[in-house]
Amino acid sequence: MQPPRNPPLHNLPPEIDPASLDQGTAARVERLIEEEEGVQNRFGGLLGHAATLLAVAMSLFHLWAAWDIVPTTTLRFVHVGFALAIGFFLFPSPAASATG
């Protein structure tokens, strides 16, 4: 059995070596990334598994729709439902993220 991996203490992109930056610069880089790309939730534990399960379920649905004939109305409703659920789940509203 493998020991659990420790999550990184930073949210820098993987191509940036955290040891090459001091704390102030790393914080500025993270703040600039969030200003440019928006705030994104980084779920762990049960919420992370739920987000992954939702994305895998959407992928499997689309593979099934590519393989078999799915009525257009069903395809559209399920696709939009999955996309909205994933969008609202992974990207919080600006008002909610500003309050913590």
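The model shown is predicted, which means the values in this text are computed figures rather than measured ones.

The rules behind the values
- Throughout this document, residue positions are counted from 1 along each chain, in the order its sequence is written.
- Per-residue local features of the predicted model are confined to residues with pLDDT of at least 70, and side-chain atom pairs are confined, for both listing and counting, to 80 or more; whole-chain, interface and lining totals are unaffected and use all residues.
- Hydrogen atoms and water are omitted, and side-chain values are computed over all heavy atoms in the structure.
- Secondary structure follows DSSP: runs of H or I at least 4 residues long count as helices, runs of E at least 2 residues long count as strands, and numbering of each begins at the N terminus.
- A 1.4 Å probe rolled over the protein chains alone gives each residue an accessible area, and that area as a share of the maximum for its type sets the label: buried under 20%, exposed over 50%, partly exposed in between.
- Every residue pair with non-hydrogen atoms within 4.5 Å of one another is taken to be in contact.
- With residues, only the protein chains shown are counted as cover, and all accessible areas are computed by Shrake-Rupley using a 1.4 Å probe.
- By definition, pLDDT measures how confident the predictor is in each residue, and it falls between 0 and 100.
- In summary, the pairing rule links any two rings of Phe, Tyr or Trp, Trp by its six-membered ring, whose centres are within 6.5 Å, and it sorts them by plane angle into stacked for under 30 degrees, edge-to-face for over 60 and tilted for everything else.

## So, the overall build of the protein
Now for step 1: In terms of helices and strands, the protein carries four helices and zero strands.
Now for step 2: Helices (α) and strands (β) of the protein occur, in sequence order from the N terminus, as α-α-α-α.
Now for step 3: Taken over 100 residues, the protein has a buried fraction of 10%.
Now for step 4: At a minimum sequence separation of 6, the contacts of the protein that also span at least 24 residues come to 52%.
Now for step 5: Surface exposure of the protein reaches about 8,400 Å², of which carbon and sulfur atoms provide 65%.

## Observations concerning the confidence of the model for the protein
Now for step 1: Across the protein, pLDDT averages 78, with 72% of residues at or above 70.
Now for step 2: Element-level mean pLDDT values for the protein span from 58 in helix H4 (residues 94–99) up to 90 in helix H3 (residues 72–90).

## Some thoughts on the packing of aromatic side chains
Now for step 1: Scanning all chains against the criterion turns up two aromatic pairs.
Now for step 2: With centroids separated by 5.8 Å and ring planes inclined at 55 degrees, the aromatic side chains of Phe 61 and Trp 64 adopt a geometry described as tilted. One end of the pair is Phe 61 and the other is Trp 64, both in helix H2 (residues 45–67) and three residues apart, which spans about a single turn.
Now for step 3: Phe 61 gets classed as buried once you look at its relative accessible area, which sits at 12%.

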